[in-house]
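# Coordinates in review
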Amino acid sequence: PPPEDDAFAGDDGSDADGSDADGAVADAAAEASRCRLAALSLAEDATDVATHLGALGASALDAEIALLCRGPHDAPGVELVRRFARHLATTLETHGHFDAVQAYLHRLVQHHAAVLSLPQLRGPLATLAAAQRAAAARFRGLVHENLCLLEVATAD
């Protein structure tokens, strides 16, 4: 029979407190091969992340987001989630890909709820939440404006 692949090979299962930010970044860089999204999340350009995810089918997109982190014990994965959340916030702040970001954010929360509750992610998540609120308000404003224009156009 073929040898079994251990998806968690190299993971010692130890807990990380997130206090070693430089170490987490270095570890995350070493783990960038876990998926293409991991490598792109380490870069500064949120556009590359959005372009990559936009080219994927639903299953591949779901897998990429799931592969970012194995759980709260996975310090490099936690760093990848932090950086991915930052990219989502940046994309929302630049008014790009609103509906796609909603889907990505939904999958991020679904896959990584336990990780998102870690103290070291509070700051990045607060930034993402603020960007989400602003984008939602902008979207509601556009919908309201369109409804007003439609009412004027259909008024007798």
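In the block above lies the structure referred to throughout.
I will try to describe carefully the structure that is included in this document.

Reading guide: rules and limits
- Residues numbered from 1 in each chain as written.
- Predicted model: local features only at pLDDT ≥ 70, side-chain atom pairs only at ≥ 80, totals over all residues.
- Heavy atoms only, no water.
- Helix = DSSP H or I, 4+ residues; strand = E, 2+ residues; numbered from the N terminus.
- Buried < 20%, exposed > 50% of the residue type's maximum accessible area, 1.4 Å probe, protein only.
- Contact = heavy atoms within 4.5 Å.
- Salt bridge = Lys/Arg side-chain N within 4 Å of Asp/Glu carboxyl O.
- Arc of directions from axis to C-beta.
- Expected span 1.5 Å × (residues − 1).

## As for the side chain of Thr91
- Of note, Thr91 is situated in helix α5 (residues 75-93).
- Overall, the relative accessible area of 8% leaves Thr91 in the buried class.
- Ignoring any residue separated from it by four or fewer positions in sequence, one finds Thr91 in contact with Ala46, Gly96, His97 and Val101.

## Quick look at the pattern of salt bridges
- All chains considered together, the criterion is met by five salt bridges.
- The residue Asp74 makes a salt bridge to Arg34 at a minimum N-O spacing of 2.7 Å. Here the residue Asp74 occupies a position in the loop between α4 (58-67) and α5, and Arg34 occupies one in the loop between α1 (21-30) and α2 (36-42), the gap between them amounting to 40 residues. Considered together, Asp74 and Arg34 belong to a single accessibility category, that of buried residues.
- Put simply, Arg82 and Glu79 hold a salt bridge, and the shortest N to O gap is 2.6 Å. Pair noted here: Arg82 and Glu79 are both in helix α5, with a separation of three residues, about one helical turn.

## Section: α4
- For α4, the full list of buried residues reads Leu61, Glu64 and Ile65. Burial along α4 is one-sided: seen end-on, the buried residues are contained in an arc of 95 degrees.
- Buried residues belonging to α4 abut α2, α3 (46-54), α5 and α6 (98-116).

## What to know about the side chain of His112
- By secondary structure assignment, the location of His112 is in helix α6.
- Look at His112 and you get buried, because its relative accessible area is 3%.
- The residues contacting His112, other than those within four sequence positions of it, are Ile65, Ala66, Leu68, Cys69 and Val81.

## Some points on α6
- Over its 19 residues, α6 runs only 21 Å from end to end, short of the ideal 27 Å by more than 12%, given 1.5 Å per residue.
- Inspection of α6 places Val101, Tyr104, Leu105, Leu108, His112, Val115 and Leu116 among the buried residues, and these make up the whole buried set.
- Those residues of α6 hidden inside the fold are in contact with α3, α4, α5 and α7 (122-154).

Remember that the coordinates give geometry; whether it matters functionally is a separate question.
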